[in-house]
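This is what each chain is made of:
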Amino acid sequence: MIVGAGLGGLVAALGLQRHGVPCRVFERAPSLDEVGAGLSLSPNATRVLIALGLRRQLGRICNSPEALCTKHFDTGEILTLDESVNYEEQYGAPYYQVHRADLHTLLTETIQGNDAQAIRLNSDFVGFESRGDSVEARFADGSRASGEVLIGCDGVKSLMRDLLWRPGKPHYLGYVAYRGLTPVDRLPEGLIAPSSATFSGPGRHFTRYLIRGRELVNYVAFAQRAEWTDESWFVGAGIDEVLESFAGWAPEVLHIIGNTQEERCHKWGLFGRKPLPRWTRERVTLLGDAAHPMLPFLGQGASIAIEDGFVLARALAECKDPAIALARYEAARLPRANETVEQSAAQGERKHRKPGPGDTIHEFLQTRLFTYDATSVAV
Ligand SMILES: Cc1cc2nc3c(=O)[nH]c(=O)nc-3n(C[C@H](O)[C@H](O)[C@H](O)COP(=O)(O)OP(=O)(O)OC[C@H]3O[C@@H](n4cnc5c(N)ncnc54)[C@H](O)[C@@H]3O)c2cc1C
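Before going into details, it helps to say that this report is about the structure given with it.

Thresholds, definitions, all that
- Here the residue index of a chain counts from 1 through its sequence in written order.
- With pLDDT at 70 or above as the cut-off, local features in this predicted model cover only qualifying residues; side-chain atom pairs require 80 or more to be listed or tallied, and sums for whole chains, interfaces and linings still use all residues.
- Side-chain figures throughout are based on the complete set of non-hydrogen atoms in the structure, without hydrogens or water.
- Aromatic contacts are taken between Phe, Tyr and Trp rings whose centres are within 6.5 Å, Trp giving its six-membered ring; a plane angle under 30 degrees counts as stacked, one over 60 as edge-to-face, and the others as tilted.
- Helix numbering and strand numbering both begin at the N terminus, where a helix is a DSSP run of H or I of at least 4 residues and a strand a DSSP run of E of at least 2.
- In this scheme, a residue with accessible area under 20% of its type's maximum is buried, one over 50% is exposed, and one in between is partly exposed, where area comes from a 1.4 Å probe on protein chains only.
- Our definition puts a charge over a ring when NZ of Lys or CZ of Arg is within 6 Å of the ring centre and also within 35 degrees of the ring normal.
- Think of it this way: DSSP has to see at least two bridges between two strands before they count as a pair.
- Each axis is a line fitted through C-alpha atoms, and for a helix only the stretch in contact is used; angles between axes span 0 to 180 degrees, taken between their N-to-C directions.
- Think of it this way: one heavy atom of a residue within 4 Å of a molecule or strand is enough to make that residue near it.
- Counting of polar contacts relies on pairs of N or O atoms within 3.5 Å, with two restrictions inside protein: one atom must be capable of donating a hydrogen and the other of accepting it, and residues adjacent in sequence are counted only when both atoms are side-chain atoms.
- The Shrake-Rupley method, run with a 1.4 Å probe sphere, supplies the accessible areas, and residue values consider only the shown protein chains as cover.
- We call Asp, Glu, Lys and Arg charged. Ala, Val, Leu, Ile, Met, Phe, Trp, Tyr, Cys and Pro are nonpolar, and the rest, Gly among them, are polar.
- Any angle between 65 and 115 degrees counts as roughly perpendicular, while under 35 counts as roughly parallel, over 145 as roughly antiparallel, and the rest as oblique.
- Each crossing gets its hand from how the near helix is turned against the far one by less than a right angle, where anticlockwise is left-handed and clockwise is right-handed.
- The criterion used for residue contact is that any of the two residues' heavy atoms lie within 4.5 Å.
- Every case where a carboxyl oxygen of Asp or Glu lies within 4 Å of a side-chain nitrogen of Lys or Arg is listed as a salt bridge.

### Remarks on the packing of aromatic side chains
Taken as a whole and judged by the stated rule, the model has 17 aromatic pairs. Relative to Phe370, the ring of Tyr91 lies with its centre 5.3 Å away and its plane at 80°, an arrangement referred to as edge-to-face. Here Phe370 lies in helix H11 (residues 363–370) and Tyr91 lies in helix H4 (residues 87–91), a separation of 279 residues in the sequence. Like Phe370, Tyr91 is buried. Here Arg179 stacks its cationic end above the ring of Trp268, 5.0 Å away from the centre of that ring. Taking NZ or CZ as reference, Arg204 lies 5.7 Å from the ring centre of Phe246, over its face.

Below, the structure is given as structure tokens:
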């Protein structure tokens, strides 16, 4: 039983299906429509998606950047330019940029194609009971379900995490992220070159790349803010507010923000929780943001959740005793996930210093992140 149909839960489900292990995903939402924008998937994640048999479909919905660059925040001058990016050659798998909704749809359709009943919507998980060699999950509508293991993939506000460990509130980490989508045909011709760029300035940075057949510019604009007062974690944001936050920045940045699709600009408060020393109790465990929410400065939250999902599926397929399988999954995954939580926070510090080439991912870190192979790592 998997609680939560985010990217982590869906990859776990598809991984289990591919290994012939029956599973159900319980999602609280009444439908699978996604609020979302762009997502970058590094080779450590695309390697997993390819192993799940999705290479051809990914080729249809994803873009691979032909070059990566950093630009000066107010002059727009190129500071670093890497035109020799060939991730496939260097790391054995591609680097993709994609609309999160497109990847989500691909995963749900593939899972439902294998088993039409695999995803149960309107299933708001409220509690569980361990019963020796089974676990019973309870839902807000009074329904119950039981299975051999229960996996909490219920995101950064995870109830499963609170039930397993000490209840705690996620804390605001001092950053807001504005995310928006801008149609390329609203922008001056030739503005978006190369297809992927980051602008770093004191206290703020702006990342943009092309998605959906290169017709949309996806951007994430980060700014430090002392507090977050909205009740919700993400709210609609006015374009004027984003423009004001980035006043004086390079014309390219202001053009992109100023032409954001109406209703397509959102503001997120970035929240985190202390890394856990353990995830698993007997037949219940955590996965993805529920286990290890991280700041998005290395673009690894979804990628690490995708790795988790595949390793969990391998552990359950390879080990007959479910409790031992979960312990092996945790041993294989926890050190890597918690290290990435720390490194993501450190990257935030680096990025918000004075602009300069030092804010790109350090080569050593990149190699460590991108070469990880969830399909063969010891479990
Ligand atoms: C600004 C920003 C930019 C980012 N950019 C990137 C990027 O470029 N690359 C990258 O890899 N990552 C990125 N991330 C991180 C990434 O989005 C998350 O780490 C990832 O989506 C986590 O996936 P998940 O499946 O663990 O959780 P989620 O996607 O949060 O899914 C949790 C699911 O559980 C469901 N749920 C919750 N509670 C219950 C319940 N009680 N009962 C039933 N269902 C429940 C929810 O409805 C949801 O569907 C970014 C994050 C932010 C904020």
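From this point on, the discussion continues.
### A closer look at the sheet that holds strand E10 (residues 144–147)
Strand order across the open sheet formed by 3 strands is E8-E9-E10, with antiparallel pairing between neighbours. Taken across any chain shown, the strands that pair with only one partner, and hence form the sheet edges, are strand E8 (125–131) and E10. The average angle at which neighbouring strand axes cross in this sheet is 20°, direction not considered. In this structure, strand E9 (residues 134–139) lies alongside E10, joined through 4 bridges in antiparallel fashion. Bridge pairing links Glu136 to Ser146 in E10.

### Description of unusual backbone geometry
Of note, the bond from Ala193 into Pro194 is cis; its omega dihedral lies within 30 degrees of zero at -10°. You can see Pro194 is positioned in the loop between strand E12 (171–183) and strand E13 (196–201). The phi dihedral of Asn122 falls on the positive side, at around 55°, and the residue is not glycine. Mapped onto the elements, Asn122 comes out in the loop between strand E7 (119–120) and E8.

### What about the site of the ligand?
Around the ligand lies a shell of 29 residues, among which Gly8, Glu27, Arg100, Asp289 and Ala302 are the nearest. For the ligand, a nitrogen atom lies 3.1 Å from a polar atom in the backbone of Arg28. Interatomic distance of 3.0 Å between a backbone N/O atom of Ser303 and an oxygen atom of the ligand. Within the complex, the protein chains bury 86% of what would otherwise be the 1000 Å² of accessible surface of the ligand. Listed by contribution, the elements that provide at least two residues to the shell around the ligand are helix H1 (7–18), strand E3 (38–41), E12 and helix H9 (301–318). The element best represented in the shell around the ligand is H9, accounting for 3 residues. Grouping the amino acids of the shell around the ligand by side-chain chemistry returns 11 nonpolar, 11 polar and 7 charged.

### Quick notes on the packing of H9 against helix H10 (residues 322–351)
For the pair H9 and H10, interaxial distance at closest approach is 8 Å and the crossing angle is 160°. Comparing their axes, H10 and H9 come out roughly antiparallel. Handedness of the H9/H10 crossing: right-handed. Where H9 approaches H10, its residues Ile304, Glu307, Asp308, Val311, Leu312, Ala315 and Leu316 are matched on the opposing element by Pro322, Ala325, Leu326, Tyr329, Ala332, Arg333, Arg336, Ala337 and Thr340.

### Let's talk about the pairing of strand E17 (residues 265–272)
Two faces, one strand: in a regular strand the side chains alternate between the faces of the sheet. Most of E17 sits out of view: 6 of its 8 residues are buried. Taken together, the 7 bridges between E12 and E17 define a ladder with antiparallel strand orientation. Bridge pairing in E17 places His171 opposite Gly272. Here strand E16 (residues 234–236) pairs with E17 via 3 bridges, running antiparallel. For Val235, the partnering residue across the bridge sits in E17 and is Lys267.

### Side note on the environment of Arg208
Within the fold, Arg208 resides in strand E14 (residues 204–211). The exposure class assigned to Arg208 is buried, which follows from its relative accessible area of 0%. Residues Arg208 and Ala221 lie 13 residues apart in sequence; the distance between their C-alpha atoms is 8.5 Å. At 2.8 Å, the side chain of Arg208 forms a polar contact with the side chain of Glu252.

### Things to note about the side chain of Arg283
With respect to the element layout, Arg283 can be found in the loop between E17 and strand E18 (284–286). For Arg283, the side chain forms a polar contact with the main-chain oxygen of Glu148, separated by 3.1 Å. Among residues more than four places away in sequence, those in contact with Arg283 are Gly132, Asp133, Ser134, Val135, Glu148, Val149, Leu150, Pro322 and Leu326.

### A closer look at the packing of H1 against H9
Where H1 contacts H9, the two axes come as close as 8 Å, and the packing angle between them is 30°. The angle between H1 and H9 falls in the class roughly parallel. Of the two possible hands of crossing, H1 and H9 adopt the one that is right-handed. Residue-level contacts link Leu7, Gly8, Val11, Ala12, Gly15 and Leu16 of H1 to Ala302, Ala305, Ile306, Gly309, Phe310, Leu312, Ala313 and Leu316 of H9.

### Quick notes on the pattern of salt bridges
Within this structure, the stated rule accounts for 19 salt bridges. In this structure, Arg278 and Glu330 form a salt bridge, with 3.9 Å as the shortest nitrogen-oxygen distance. Placement of Arg278 in the loop between E17 and E18 and of Glu330 in helix H10 is noted, with a sequence separation of 52 residues between them. Judged by relative accessible area, which is 43%, Arg278 ranks as partly exposed. The partner of Asp308 in a salt bridge is Arg333, and the shortest N-O contact between them spans 2.7 Å. Within this pair, whereas Asp308 is found in helix H9, its partner Arg333 is found in helix H10, the two being separated by 25 residues in sequence. The class for Arg333 is buried, based on a relative accessible area of 0%. Here the salt bridges do not stand alone but share partners, grouping Glu129, Arg131, Glu136, Arg138 and Arg144 into one network.

Scope: geometric values only; no functional claims are made or implied.
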